[in-house]
Amino acid sequence: MLRGVDRWFATEILPHEGLLRGYLLRVWRNPSEVADLIQEVYIRVYEYAREQRPDQPKAFLFETARNLMTDHLRRSRVVSIHTVQDVDGIEALVDEISPERRLSARQDLGRLAQAFNSLSDKCRDVIWFRRVEGLSQRETADRMGLKEDAIESQLARGIRALARATFGTAIDSDSPSSKARVRYESER
């Protein structure tokens, strides 16, 4: 019969091992180290719980895992840029990003990519230069050898097409509010 911290650990922490393992496999670059990481997380959680039991054991477990990975990265001599990016994105607990939300986001991104690829080359380039590279309207016009009015027009068409594809909205391009909205977007 388990007592005290052992019982707490068995009932509050161990049931989350599958989630913890999945989380670590997603965010840690070397899958062969995941079993060792889990053991180190368990040691830290257990030692802390001997002194004081966390109010939210599951959240504490995942926060401990995140801190452990951060410690490992700090101690390593060479840190891959990809690993640093992955650690920046692990603030949320695993179960906060449900499979449904992940699937929905992938579908949205797929629709956006398909819509972006279906744009004319000129329109796609204008959107890329303005929104991704952050060029001004004048810089985009100079780079593409077009007038600024043409850049504004291509940007407006592209934004409407992407909005329709992504959000399923039918934007009335003749309405004054739509033109104002597109002008505002193109000036940003």
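Quantities reported herein were computed from a predicted structural model and do not represent experimental measurements.

Undergrad: Looking at this model, I keep getting lost on the nonpolar core. Mind explaining?
TA: Among soluble globular proteins, nonpolar side chains are generally buried collectively. The biggest cluster of nonpolar side chains holds 22 residues, and the ones touching the most others in it are L20, Y23, L24 and L61. Elements represented by at least two residues in this core include exactly α1 (4–12), α2 (17–27), α3 (34–51) and α4 (57–75). In terms of residue count, the dominant contributor to this core is α3 (seven residues). With ten residues, the next largest nonpolar core counts A115, L119, V126 and I127 among its residues.

Undergrad: Got a minute to help me understand the pattern of salt bridges in this structure?
TA: A side chain with one charge may pair with a side chain of the opposite charge, provided their charged atoms come close. Under the defined criterion, the tally for this structure stands at six salt bridges. R21 serves as the salt-bridge partner of E17, at 2.9 Å between the closest nitrogen and oxygen. Taken together, the positions of E17 and R21, both in helix α2 and four residues apart, correspond to about one turn of that helix. E17 gets classed as partly exposed once you look at its relative accessible area, which sits at 28%.

Conventions used here
- Residues numbered from 1 in each chain as written.
- Predicted model: local features only at pLDDT ≥ 70, side-chain atom pairs only at ≥ 80, totals over all residues.
- Heavy atoms only, no water.
- Core = buried A, V, L, I, M, F, W, Y, C linked by side-chain atoms within 4.5 Å.
- Buried < 20%, exposed > 50% of the residue type's maximum accessible area, 1.4 Å probe, protein only.
- Helix = DSSP H or I, 4+ residues; strand = E, 2+ residues; numbered from the N terminus.
- Salt bridge = Lys/Arg side-chain N within 4 Å of Asp/Glu carboxyl O.

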